[in-house]
Amino acid sequence: MSIFADEFTATRMMLISVVSSDEMCCDTLTLDQPLFLRPGDRMSFHGVEVVVDRSSGRRERLTGSSGRALQRSRLR
């Protein structure tokens, strides 16, 4: 799953492999390993790393491959 987030709180269980910072022109981070979020876990995107604050109080820092993606749209 790919999500757009500068800061995000999970409301349900999620498995994430790509994190993006904006909706139009975005920096993306493809995680080295998929990230499993539980309800209440908070995730934030900081440059080339993802910080996860677990609802248990534990903090994790994850890294991956960064890149830039463009989302194209067509006017009709």
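Residues numbered from 1 in each chain as written. Predicted model: local features only at pLDDT ≥ 70, side-chain atom pairs only at ≥ 80, totals over all residues. Heavy atoms only, no water.

Comments concerning the overall build of the protein
In terms of helices and strands, the protein carries 0 helices and 7 strands. Per-residue burial for the protein yields a buried fraction of 30% across its 76 residues. Counted over contacts in the protein with a minimum sequence separation of 6, partners at least 24 positions apart contribute 39%. (Helix = DSSP H or I, 4+ residues; strand = E, 2+ residues; numbered from the N terminus. Buried < 20%, exposed > 50% of the residue type's maximum accessible area, 1.4 Å probe, protein only. Contact = heavy atoms within 4.5 Å.)

What to know about the confidence of the model for the protein
Per-residue confidence for the protein gives a mean pLDDT of 76, with 66% of residues at or over 70. By mean pLDDT, strand β1 (residues 2–4) is the weakest element of the protein at 53, and strand β6 (residues 49–53) is the strongest at 86. (pLDDT = per-residue confidence, 0-100.)

Brief notes about the pattern of salt bridges
Taken as a whole and judged by the stated rule, the model has 4 salt bridges. Of the charged contacts in the structure, one is a salt bridge between aspartate 41 and arginine 54, with a shortest N-O distance of 2.7 Å. Residue aspartate 41 is found in the loop between β4 (25–37) and β5 (42–46), and its partner arginine 54 is found in the loop between β6 and β7 (59–70); the two are separated by 13 residues along the sequence. Exposure class is identical for aspartate 41 and arginine 54. Each is buried. Each of Asp41, Arg54, Arg58 and Glu60 takes part in one network of salt bridges that share partners. (Salt bridge = Lys/Arg side-chain N within 4 Å of Asp/Glu carboxyl O.)

What about the environment of arginine 42?
Its place among the elements puts arginine 42 in strand β5. Here the alpha-carbon distance between arginine 42 and arginine 54, two residues 12 residues apart in the chain, equals 6.4 Å. In this structure, arginine 42 is in contact with Glu7, Phe8, Thr9, Val51, Val52 and Asp53, ignoring residues within four places of it in sequence. A distance of 3.1 Å separates the side chain of arginine 42 from the side chain of threonine 9, its partner in a polar contact. (Polar contact = N/O pair within 3.5 Å; in protein donor to acceptor, adjacent residues only side chain to side chain.)

Some words on the pairing of β5
Alignment of strand β2 (residues 7–9) against β5, held across 3 bridges, turns out to be antiparallel. Each residue of the ladder has a partner; that of phenylalanine 8, found in β5, is methionine 43. Direction of pairing for β5 relative to β6: antiparallel, over a ladder of 5 bridges. Bridging across to β6, histidine 46 finds its partner in glutamate 49. (Pairing = 2+ DSSP bridges.)

Considering the nonpolar core
Nonpolar side chains in soluble globular proteins tend to end up buried together. Counting residues in hydrophobic clusters, the biggest one holds 12 residues: Ala10, Met14, Ile16, Val19, Leu29, Leu31, Leu35, Leu37, Met43, Phe45, Val50 and Val52. Tallying contributions element by element places β4 first for this core, with 4 residues. The residues contacting valine 52, other than those within four sequence positions of it, are Leu35, Leu37, Arg42, Met43, Arg58, Arg59, Glu60 and Leu62. (Core = buried A, V, L, I, M, F, W, Y, C linked by side-chain atoms within 4.5 Å.)

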